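Given next are the chains, with one letter for each unit.
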Amino acid sequence: MSHRLHVESVTLRYGERHIAENLSVDIRDGSFTVIVGPNACGKSTLLRALSRLLAPSAGQVILDGKSIEEFPAKEVARRLGLLPQHAIAPDGISVEDLVGRGRYPHQSFLRQWSAADEIAVAAAMAATHVTELSGRMVEELSGGQRQRVWIAMVLTQETPILLLDEPTTFLDIAHQIELLELLADLNRQGRTVVAVLHDLNHACRYGSHLIAMKGGAVVAEGEPAAIVTEQLVSDVFGLPSMIISDPVAGTPLIVPKGRQTINRQADH
C-alpha cells in the first residue's frame, strides 16, 4: 500500500555523524502517528527529513508519489505543516502577525490577503486559546503561551498533513491534554498527524500508530495495544515497568517500577 508520505531507505546524518542508515518508514494516511524513543535516537531527525528540512544523503522521502525534493518550497508548505522543536520568532512581531504567517503558502501575486485568511487565523487562534494574546509581542509571552502561538500558526496553514516535534514542550498538564485532544479532533476530521512525544502514556492514549525508535532504527511499529509491552519499554528505554489498562481510555498505561519499588519488592 502506498501512502502520501513515506521514507525509502534513507541515510540521515549531520556532517560526518550518522543518525540513521537504510531507514524506511510509512506514515499511514489518516493516522495519528506518534514517534517515541530515548533521547538522541533519531526521532526529530526523522521528522526533519519528512518535512524536507534535512536532505537524506542516500534514499529519498516520497510525498504524493514523487521525491519531496522535486516540489517547490511553497507547494510543500501547502501539503505539510511543521512545528519544529526550537521555533524562533522574528523580533518585534505580534502574536496575530506570527499566526498570520501560516497563510503565506496560500498567497501569490494574484491572491493577496483575503477574508478566508482572516477566518483561518481566527479559527486557529481560537482553537489554541491565544485570541486574547493577539496584540501582544511574542517575546513577551511565557514558554507555554509561545508554544500555543506556534501551534496556531501551523494550524493556520490548513495542510492535510501535520508534523509536530515535541508539541507539548513548555505546556502545563492541562494544556498538554487540551492540545492532544485538539490534534485528535483534527485527526478525526481527516488530517494525518505525526508527532514526536516523550510521554509514552500520552502516545498510547492518543496515537493510532506508534513508531518506536532506538539508535536510528525502527524497532517496533503498530497500534499501541499491539506493540507496547514491558519488554519493549525495557529494550527501548531501559525502564522496568508494568503495563496495565488505562482506566479511562483502555489503552496501555506504563507504570514505571523505579529502583525504590524494585528494592521493596526484593525485600519482601
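Just so it is clear, the structure is predicted and the values come from calculations on it, not from any experiment. (Residues numbered from 1 in each chain as written. Predicted model: local features only at pLDDT ≥ 70, side-chain atom pairs only at ≥ 80, totals over all residues. Heavy atoms only, no water.)

**A word on the sheet that holds strand 3 (residues 32-36)**
No. 1: On the basis of which strands lie adjacent, the open sheet formed by six strands has the order 6-7-8-3-9-10 and mixed pairing. Only two strands of the sheet have a single neighbouring strand rather than two, namely strand 6 (80-83) and strand 10 (217-222). For this sheet the average axis-to-axis angle between neighbouring strands, irrespective of direction, equals 15°.
No. 2: Strands strand 3, strand 6, strand 7 (161-165), strand 8 (192-196) and strand 9 (209-214) of the sheet are contacted by helix 1 (residues 43-50), whose axis makes an angle of about 150° with strand 7.
No. 3: Across the face of the sheet, helix 5 (residues 143-156) comes into contact with strand 6 and strand 7 while running at roughly 170° to strand 6. (Pairing = 2+ DSSP bridges. Helix = DSSP H or I, 4+ residues; strand = E, 2+ residues; numbered from the N terminus. Axes fitted to C-alpha atoms, helices over the stretch in contact; angles between N-to-C directions. Contact = heavy atoms within 4.5 Å.)

**With respect to the nonpolar core**
No. 1: Among the nonpolar cores identified, the biggest contains 47 residues, and Phe 32, Val 95 and Leu 183 are the most heavily contacted of them.
No. 2: The biggest single contributor to this core is helix 5, with seven residues.
No. 3: Within the second largest apolar cluster, 27 residues are counted, among which are Val 10, Cys 41, Leu 54 and Ile 68. (Core = buried A, V, L, I, M, F, W, Y, C linked by side-chain atoms within 4.5 Å. Buried < 20%, exposed > 50% of the residue type's maximum accessible area, 1.4 Å probe, protein only.)

**Topic: the side chain of Thr 156**
No. 1: Mapped onto the fold, Thr 156 is located in helix 5.
No. 2: Residue classification places Thr 156 among the buried residues on the basis of a relative accessible area of 0%.
No. 3: Residues in contact with Thr 156, not counting those within four places in the same chain, are Val 99, Gly 102, Arg 103, Ala 120, Val 121 and Ala 124.

**Describing the pattern of salt bridges**
No. 1: Taken as a whole, this structure holds nine salt bridges when the rule is applied.
No. 2: A salt bridge links Glu 75 to Arg 78; the shortest N-O distance between them is 2.6 Å. Highlighted residues: Glu 75 and Arg 78, both in helix 2 (residues 73-79), separated by three residues, approximately one helical turn.
No. 3: Residue classification places Arg 78 among the partly exposed residues on the basis of a relative accessible area of 32%.
No. 4: Across the salt bridge formed by Asp 117 and Arg 103, the nearest N and O atoms sit 2.8 Å from each other. In this pair, Asp 117 sits in helix 4 (residues 115-127) while Arg 103 sits in the loop between helix 3 (95-100) and helix 4, placing the two residues 14 residues apart along the sequence.
No. 5: Residue Arg 103 is classed as buried on the basis of its relative accessible area of 4%.
No. 6: Residues joined in a network through salt bridges with shared partners are Arg 4, Asp 64, Glu 75, Arg 78 and Arg 79. (Salt bridge = Lys/Arg side-chain N within 4 Å of Asp/Glu carboxyl O.)

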